[in-house]
Amino acid sequence: MKRCNSLIDAGRRQFLTGAGVMTAGAAAATVLPAEARAAEPTAALVKYPANRLANVKDLKANEPLDVAYPDEDAPGVLLKLGTRVPGGAGPDGDIVGFSTVCPHKGYPLAYSAGDKTLNCPGHYSRFDCEKGGQQVWGQATQNLPQYALRIDDKGDIYAEGVDELLYGRLSNVL
Amino acid sequence: MAYKRQIGRLPIVPANAKVHNVVCHYCIVGCGYKAYSWDARYEGGTAPADNKFGVDLAEQQGADTPAWYAPSMYNLVRQDGRDVHIVIKPDQDCSVNSGLGSVRGARIAEMSYSRQRNTQLQRLTDPLVWRYGQLQPTSWDDALDLVARVTAAVIAEQGEDGLFVSAFDHGGAGGGYENTWGTGKLYFGAMKVKNIRIHNRPAYNSEVHGSRDMGVGELNNCYEDAQLADTIVAVGTNALETQTNYFLNHWVPNLRGTSLDKKKAEFGDEPVAQGRVVIVDPRRTVTVNACEVEAGKENVLHLALNSGTDLALFNAWFTYAAEKGWIDKAFIGASTKDFEKAVAANKVSIAEAAKITGLSEADIVKAITWIAEPKAGGARRRAMFAYEKGLIWGNDNYRTNQSLVNLALATGNIGRPGGGCVRMGGHQEGYSRPSDAHVGRPAAYVDKLLIEGKGGVHHIWGCDHYKTTLNAMEFKRVYKKRTDLVKDAMNAVPYGDRPAMVAAIMDAIRKGGLFSVDVDIVPTKVGEAAHVMLPAATSGEMNLTSMNGERRMRLTERYMDPPGAAMPDCLIAARIANHMQRVLGEMGKADIATKFSGFDWKTEEDAFMDGYHGHEKGGEFVTYDLLRAMGTNGFQEPATGVQDGKIVGTKRLFADGKFNKPDGKAVFAATQWRGLEAPGKQAEKDKYPFLINNGRANLVWQSAYLDVENEFVMDRWPYPFIEMNPKDMADLGLKNGDLVEVYNDNGSTQAMAYPTPTAKPKQAFMLFGYPTGVQGNVVSAGVNEFVIPNYKQTWGSIRKIADAPKSVQHLTFKSKEYIS
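Residues numbered from 1 in each chain as written. Chains lettered and ligands numbered in written order. Predicted model: local features only at pLDDT ≥ 70, side-chain atom pairs only at ≥ 80, totals over all residues. Heavy atoms only, no water.

The next subject is the overall build of chain B. Helix and strand content of chain B: 28 helices and 29 strands. The C-alpha radius of gyration of chain B comes to 26 Å, within 12% of the 28 Å expected for a compact globule of 820 residues. Projected onto the principal axes, the alpha-carbon positions of chain B cover approximately 80 × 70 × 60 Å. Burial statistics for chain B: of 820 residues in total, 68% are counted as buried. Long-range contacts, defined here as pairs at least 24 residues apart, represent 76% of the contacts in chain B between residues at least 6 apart. With an accessible surface of roughly 26,100 Å², chain B has 50% of that area assigned to carbon and sulfur atoms. Between the mean site of the 94 positive side-chain charges and the mean site of the 94 negative ones, chain B shows a separation of 3 Å. (Helix = DSSP H or I, 4+ residues; strand = E, 2+ residues; numbered from the N terminus. Rg over C-alpha atoms; globule rule 2.2 N^0.38 Å. Buried < 20%, exposed > 50% of the residue type's maximum accessible area, 1.4 Å probe, protein only. Contact = heavy atoms within 4.5 Å. Areas by Shrake-Rupley, 256 points an atom, 1.4 Å probe, with all protein chains shown as cover. Lys, Arg positive; Asp, Glu negative; His and termini not counted. Charge placed at Lys NZ, Arg CZ, Asp CG, Glu CD.)

Looking only at helices and strands, chain A features 3 helices and 10 strands. Taken from the N to the C terminus, the helices and strands of chain A come in the order α-α-α-β-β-β-β-β-β-β-β-β-β. Split into buried and exposed, the 174 residues of chain A put 57% on the buried side. Taking contacts inside chain A between residues at least 6 apart in sequence as the whole, the part at least 24 apart equals 48%. For chain A, the computed accessible surface area is about 6,900 Å², with 55% contributed by carbon and sulfur atoms.

Turning to the interface of chain B and chain A, a few remarks are in order. Listed as interface residues are 58 residues of chain B and, on the opposing side, 56 residues of chain A. Buried area between chain B and chain A, summed over both chains or domains, comes out near 4,900 Å², and the portion from carbon and sulfur atoms is 53%. Taken together, chain B and chain A are joined by 4 salt bridges. Residues Arg5 of chain B and Glu164 of chain A are paired through a salt bridge, measuring 3.5 Å at the closest nitrogen-oxygen approach. (Buried area = accessible area lost by both parts, 1.4 Å probe. Salt bridge = Lys/Arg side-chain N within 4 Å of Asp/Glu carboxyl O.)

Next up on the list: the packing of aromatic side chains. Under the counting rule described, the total for this entry stands at 34 aromatic pairs over all chains. Taking 5.8 Å as the distance between ring centres and 80° as the angle between the ring planes, the aromatic pair formed by Phe318 of chain B and Phe339 of chain B counts as edge-to-face. Within this pair, whereas Phe318 of chain B is found in helix α9 (residues 310–324), its partner Phe339 of chain B is found in helix α11 (residues 339–345), the two being separated by 21 residues in sequence. Comparing Phe318 of chain B with Phe339 of chain B, the two get one shared label, buried. One aromatic cluster is present, built from ring pairs that chain together Trp717, Phe721, Tyr754, Phe765 and Phe813 of chain B. Between the NZ or CZ atom of Arg150 of chain A and the centre of the ring of Tyr158 of chain A, over which it lies, the distance is 4.7 Å. Looking at Lys487 of chain B, its charged tip hangs above the ring of Trp130 of chain B, at a distance of 4.3 Å from the centre. (Phe/Tyr/Trp six-rings, centres within 6.5 Å; stacked < 30°, edge-to-face > 60°. Lys NZ or Arg CZ within 6 Å of the ring centre and 35° of its normal.)

With that out of the way, let us pick up the UniProt feature "domain: Molybdopterin oxidoreductase" (unreviewed entry) in chain B. Within this numbering scheme, the UniProt entry marks residues 123–578 of chain B as carrying the feature "domain: Molybdopterin oxidoreductase" (unreviewed entry). End-to-end, the C-alpha atoms of residues 123–578 of chain B are 25 Å apart, and along that stretch the chain is 43% helix and 14% strand. (UniProt positions renumbered as here; feature names shortened; annotations may be inferred.)

Before going further, it helps to examine the sheet that holds strand β19 (residues 552–556) of chain B. Residue and element names in this part refer to chain B. With antiparallel pairing, the 3 strands of this open sheet are ordered in space as β18-β19-β20. At either margin of the open sheet sits one strand with a lone partner, and together these are β18 (544–547) and β20 (635–636). Taken together, the 4 bridges between β18 and β19 define a ladder with antiparallel strand orientation. Its bridge partner being in β19, Thr545 is matched across the sheet by Leu555. (Pairing = 2+ DSSP bridges.)

As a further point, take the sheet that holds strand β11 (residues 300–303) of chain B. Residue and element names in this part refer to chain B. A sheet is described by the order of its strands in space; here 5 strands give the open sequence β11-β10-β9-β13-β14, paired in parallel fashion. Each edge of the open sheet carries a strand with a single partner, namely β11 and β14 (421–423). Along the sheet, successive strands turn relative to each other by an average axial angle of 15°, direction set aside. Where strand β9 (residues 231–235) and strand β13 (residues 383–387) come together, 5 bridges link them in parallel fashion. By the bridge assignment, Ile232 is partnered in β13 with Met384. The strands touched by helix α8 (residues 286–295) within the sheet are β10 (276–280) and β11, with β11 carrying the most contacts at an inclination of about 160°. Running at roughly 170° to β13, helix α15 (residues 397–410) makes contact with β9, β13 and β14 of the sheet. (Axes fitted to C-alpha atoms, helices over the stretch in contact; angles between N-to-C directions.)

Here the focus is the UniProt feature "domain: Rieske" (unreviewed entry) in chain A. According to UniProt, the "domain: Rieske" (unreviewed entry) feature falls on residues 65–158 of chain A. This span, residues 65–158 of chain A, is 0% helix and 38% strand, and a straight line between its end C-alpha atoms measures 14 Å.

Another aspect to go through is the nonpolar core. All names here are of chain B. Judged by nonpolar contacts, the single largest core of 184 residues is most densely connected at Leu146, Trp251, Trp317 and Phe515. Sort the elements by how many residues they give to this core and helix α1 (residues 140–158) lands first, with 11 residues. Leu146 has contacts with Val129, Met490, Tyr495, Arg498, Met501, Val502, Ile505, Phe515 and Val532, leaving out every residue within four places of it along the chain. Core analysis: the second largest hydrophobic core is formed by 22 residues, Ile7, Met73, Tyr74 and Leu76 among them. (Core = buried A, V, L, I, M, F, W, Y, C linked by side-chain atoms within 4.5 Å.)

It is worth spelling out helix α6 (residues 244–256) of chain B at this point. Of all the bends found along α6 of chain B, the most pronounced is centred on His250 of chain B and spans about 30°, while Pro253 of chain B, a proline, follows it within four residues. Within two residues after α6 of chain B, Gly257 of chain B carries a phi angle of roughly 90°, on the positive side. (Bend = angle between axes of the 7 residues up to and from the residue.)

Across all of its chains, the model carries 71 salt bridges over all chains by this definition. Overlapping salt bridges bring together Asp142, Asp145, Arg149, Arg498, Arg582 and Glu586 of chain B as one network.

Our focus in this paragraph is the packing of helix α18 (residues 472–491) of chain B against helix α19 (residues 498–510) of chain B. Residue and element names in this part refer to chain B. As a packed pair, α18 and α19 sit with axes 8 Å apart at the nearest point and diverge in direction by 150°. Of the possible angle classes, the one that applies to α18 and α19 is roughly antiparallel. For the pair α18 and α19, the sense of crossing is right-handed. Judged by residue contacts, Leu485, Val486, Ala489 and Met490 of α18 engage Met501, Ala504, Ile505, Ala508 and Ile509 from α19. (Parallel < 35°, antiparallel > 145°, perpendicular 65-115°, else oblique. Left-handed = near helix turned anticlockwise from the far one by under 90°.)

Residue and element names in this part refer to chain B. Taking burial as the measure, the 9 residues of strand β4 (residues 82–90) include 7 buried ones, the bulk of the element. Relative to β4, strand β2 (residues 32–39) is paired through 7 bridges, and the arrangement is antiparallel. Among the inter-strand pairings, Lys34 is bridged to a residue of β4, identified as Lys89. Pairing analysis gives 6 bridges linking strand β3 (residues 74–79) to β4, with the strands arranged antiparallel. Counterpart to Asn75 in the pairing with β4 is Ile86. Where β3 hands over to β4, the hairpin turn is made up of 2 residues, of which Asp80 adopts a positive phi near 50°.

Attention shifts here to the pairing of β19 of chain B. Regular strands place side chains that alternate from one sheet face to the opposite one. Residue and element names in this part refer to chain B. Counting buried positions along β19 gives 5 out of 5 residues, so the element sits mostly inside the fold. Side-chain alternation along β19 places Arg552, Arg554 and Thr556 on one buried face and Met553 and Leu555 on a second face that is also buried. Hairpin geometry of β18 and β19 is characterised by an intervening segment of 4 residues between the two adjacent antiparallel strands and by a positive phi of about 60° at Arg551. The sheet contact formed by β19 and β20 spans 2 bridges and is antiparallel.

Glancing now at the packing of α9 of chain B against helix α13 (residues 361–372) of chain B. Residues and elements named next belong to chain B. It is at 10 Å that the axes of α9 and α13 come closest, and there the two elements cross at 60°. Between α9 and α13, the angle falls in the class oblique. The two elements α9 and α13 cross, and the hand of that crossing is right-handed. Together, Leu313, Trp317, Tyr320 and Ala321 of α9 and Ile364, Val365, Ala367, Ile368, Ile371 and Ala372 of α13 make up the contact between the two elements. Per-class residue counts for the contact of α9 with α13 are 10 nonpolar, no polar and no charged. (Nonpolar A, V, L, I, M, F, W, Y, C, P; charged D, E, K, R; others polar.)

As structure tokens, this is what we get:
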């Protein structure tokens, strides 16, 4: 498994040096107005930050954009799939965001533009970005954590939650 | 949308959590896990001192960390009558899986009975009896009294042949030494039941008679051999899906070349290289893909032969190796018999084999070259032969099995490092029973006898014929009719009048009825026919011992309470024996009653000491205490002694060149090719357009009985998939996920169309043994000479039934193959 260990390291380095990554702190200061916050329901065990990840203009069809959510240690990806999908955000309903850490053993997933899947080099798990991150085949006992996205009228894309536990942390928000 | 749990946080395992040894009870690999449990009111903290892992959990953990668990590894259960949190996660220190969790084993916790979190509420909690037209709860004594009275009455009228039994005979959740002994002592000790069958086949027989008759026990190597082999020969085994962590943790290092240091250390100056693999399978599986990814296509040879023609291929390899002199003459001379006879009898040329198998001559020669050509300097090439259901449930089981063992013996590959000729297996093993010699060979074809109206009472232990037998549609039709006769008779009598009830049941039995007693942990499909259901405990709700595919024996400790009144199977068997003794005494049959003595066990450990410890080879060295101390690594059977408080085991069988024959010599077998051997198969092939190949899938391998109540699994496979070539789908007007009917003269069933570009035209592959579409419905009753079913060679037609239903519409239908 040596090869895979070095892969995760490589994946991390790439992510940490990648552009377009907002930190949790930077985003948290600029979110919702006070009255909206008052109406906010109580968080379910975990209070997720609303982080700006990118602007729709940063996205090109079927090209993954490296992001991180809910903090810089949790790499992920934003995708403009080019076709409307269930759970897709944006004017075309085709923008989705996922964790890119395999929920099986924590290896970095690679995007296959050919069939719009995220693939794990560790143990061959595959997740379908067009189907809510459903595991096509693999070892993980959960489908791929997907971001709850909101896009404001300026086209800024915010992540505001994750629908599964992220690998390597027992609380999605550390 | 795909199913999501919406869990963003899990309770932290505190530093003082209890730890129990767990071996996954689903498949034969037997991966090591640990169960951590602690009081429901508390949890640990993120500071290193506050959690079991001693690390800062406020930080992101890296890949392969032992300090993380998925939501599926967590639950809230009862332990000694109290609510506890439980985390069951893979054990880093187990040599089998080294911390890897499969998609099944990593759900052990989530697939436990929890009223607190509503998981597996399907579990049986009370004995159930047919009362007022439905199954109703009752006490153990009441249920067992009814079972004993009807069983004793049937035996009094029909003899012991009137008692039919279907029983698990494996390990893990498919038995375990305690439970096979409990049932074995009841049916083969107190009684001599002949009409008995095993959980997934219609008779009481070995699936590998062929290998055993040659003196070669089928689990003869160790998992490390897959790291040491020059070439792995995989026959009808899709190891990535059905031996997942054995494949990932032991095959892959060899294919990647990362086990080279291990090879050098073991073999000294002998030339060694990255491993190669020959895969014999009509279908391109995810295993083939993974092998190509790891070893490079140049080191993988997938032989997609015509279905059922393996025997001709192996005979050709054997002939070629003998002609070339690529054999181990010293070994053949010292440890075997009848080599020359086999060479003469099994002669098949490469050209003949190519014609029969549909493979190219060049590929057949390339494969045997990879397997047997001596290495530089003349060193023997080390080949490991691994086979499973493609061979075992394939054409001409007995001879095909033997022809592969012939090749392994001739090339000196049994009992040697980097070798072995092994079945890959399904469940763990855990067989300990009194002699079954009275069953005879061929064993009774029990399903057929039941269909013919034989027998009066049927005891079922952890079997579900409606789902996992051949000719299943006909079996179900007749079985329902026969058990309904008894139900109708019971409906006409007040339940509280026991003599009248037994008389009514017996009267119905005389008219062709059948009284059905089903012992299981869940309400099975065949349980729909039962008159009595008895709730059993499963692994972890009882202490349970088993061995895996390299004979590695471990103890899974009891870490939670069984649901309600459920009991270990061995104790249910003992209580049945107690009641039989009482009832037979009351009937004035003291001589028979006395045979039901020796069942005064109070615990599963009592059954273990009476059975495995008292009767099995090396069992005298094995106790619960010693096993507990040896954790998830245990020892490899047979035990040969105890040293420094540890059981000493056996790494490989036959390492001394002595085999299981009176003179210690393995016997080569004559294995002539005879076409499709089981009656009716050739005619079926000629009549129907599609091969309905069938087998297992990663997500539900040996766990489907619980998966039916697992949201994550049922979201992915609401119906069994049938992989089809896209052009075949287009010809039939099928879209992704449409429900199709698969049918032939044996019956019909349904599946969900899954487009698979790598599927050969007119060769479909359907998920086997699935509750929402039973593949066995279309498998003919044809078996081999020892009543081994031939599931794989099935032909049928396919037609559309319906558009993809709602539960299917959100599914992905992309290729299962990893893309690098």
